[in-house]
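Residues per chain, in single letters:
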Amino acid sequence: MIRIGTTFPLVALFWLGLDLAPLVAQEWPEYFVEPRSDPHSMLRGPGFYLSMTKLILTAVTVLFWVRTADWVHRDTAIYGERTKLV
């Protein structure tokens with residue numbers, strides 16, 4: 001519904017002949033590439049693109065989730081017959 005609410009006014013403005021290009025068009029930023037002897041070599045960054053903090057937090061979250069799922073599985077195996085879950 002949001003797409004219709006935003007698209008319809010833009011299409012109406014387009015059909016009315018209003019120029020929306022300055023509102024949406026932007027210039028490409030300058031990008032300097034050093035000349036290299038090998039045309040197939042790639043420009044590489046400094047590295048360290050992965051956050052160790054985020055990786056550790058994700059690993060801890062996954063381990064917590066696996067531990068919780070295992071606990072639910074064991075609890076269901078023990079008490080499932082009484083609650084008709086199995």
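Source: prediction; values computed, not measured.

**Quick word on the overall build of the protein**
Stage number 1. Within the protein, the secondary structure is distributed over 3 helices and 0 strands.
Stage number 2. Starting at the N terminus and walking to the C terminus, you meet the elements of the protein as α-α-α.
Stage number 3. Residue burial in the protein is summarised as follows: out of 86 residues, 1% are buried.
Stage number 4. Of the roughly 9,300 Å² that the protein leaves accessible, carbon and sulfur atoms contribute 68%.

**Comments concerning helix H3 (residues 52–83)**
Since one α-helical turn is 3.6 residues long, residues separated by three or four positions face the same way.
Stage number 1. Given a rise of 1.5 Å per residue, 32 residues ought to cover 46 Å, and the 43 Å separating the end C-alpha atoms of H3 matches this to within 8%.
Stage number 2. Maximum bend of H3: about 50 degrees, positioned at alanine 77.

**Here's the deal with a nonpolar patch on the surface**
Stage number 1. Side chains of Leu50, Met52, Leu55, Ile56 and Val60 sit close together on the surface and give an oily, nonpolar patch of about 520 Å² of accessible area.
Stage number 2. Among the structural elements, leucine 55 can be located in helix H3.

**Some thoughts on the pattern of salt bridges**
Side chains carrying opposite charge are able to pair once their charged atoms draw close together.
Stage number 1. Applying the stated criterion across every chain yields a total of 1 salt bridge.
Stage number 2. Notably, a salt bridge pairs aspartate 70 with arginine 74, separated by 3.0 Å at the nearest N-O pair. Here the residue aspartate 70 and the residue arginine 74 both occupy positions in helix H3, the gap between them amounting to 4 residues, near one helical turn.
Stage number 3. Overall, the relative accessible area of 33% leaves aspartate 70 in the partly exposed class.

**As for the confidence of the model for the protein**
Stage number 1. With 67% of its residues at a pLDDT of 70 or more, the protein has an overall mean of 77.
Stage number 2. At the level of individual helices and strands, the protein shows its lowest average pLDDT in helix H2 (residues 21–24), which scores 64, and its highest in H3, which scores 90.

**Describing the environment of threonine 76**
Stage number 1. Structurally, the position occupied by threonine 76 is in helix H3.
Stage number 2. At 2.7 Å, the side chain of threonine 76 forms a polar contact with the backbone oxygen of valine 72.

What counts and how
Throughout, residues of each chain are indexed from 1 in the direction in which the sequence is written. Selection of residues for local features in this predicted model requires a pLDDT of at least 70, selection of side-chain atom pairs for listing and counting requires 80 or more, and totals for whole chains, interfaces and linings are taken over all residues. Only hydrogens and water are set aside when side-chain values are computed; all heavy atoms of the structure are taken into account. Put simply, DSSP H or I for four residues or longer makes a helix, DSSP E for two residues or longer makes a strand, and each gets a number counted from the N terminus. The buried label goes to any residue with under 20% of its type's maximum accessible area, the exposed label to any with over 50%, and the partly exposed label to all in between, with areas taken from a 1.4 Å probe on protein chains only. Accessibility throughout is a Shrake-Rupley quantity obtained with a 1.4 Å probe, and a residue counts as covered only by protein chains that appear here. Expected span, for any helix, means 1.5 Å times one less than how many residues it has. Here the bend at each residue means the angle between axes fitted to two seven-residue stretches, the one ending at that residue and the one beginning there. Note that patches include only residues with greater than 30% relative accessible area and no salt bridge, and the join distances are 9 Å for like charges and 5 Å for nonpolar side chains (Val, Leu, Ile, Met, Phe, Trp, Tyr). Counted as salt bridges are all cases of a side-chain nitrogen of Lys or Arg within 4 Å of a carboxyl oxygen of Asp or Glu. Per-residue confidence from the predictor is reported as pLDDT, which spans 0 to 100. Throughout this description, a polar contact denotes any pair of N or O atoms lying within 3.5 Å of each other; where both atoms belong to protein, one of them has to be capable of donating a hydrogen while the other can accept it, and for residues adjacent in sequence the pair is counted only when both atoms sit in side chains.

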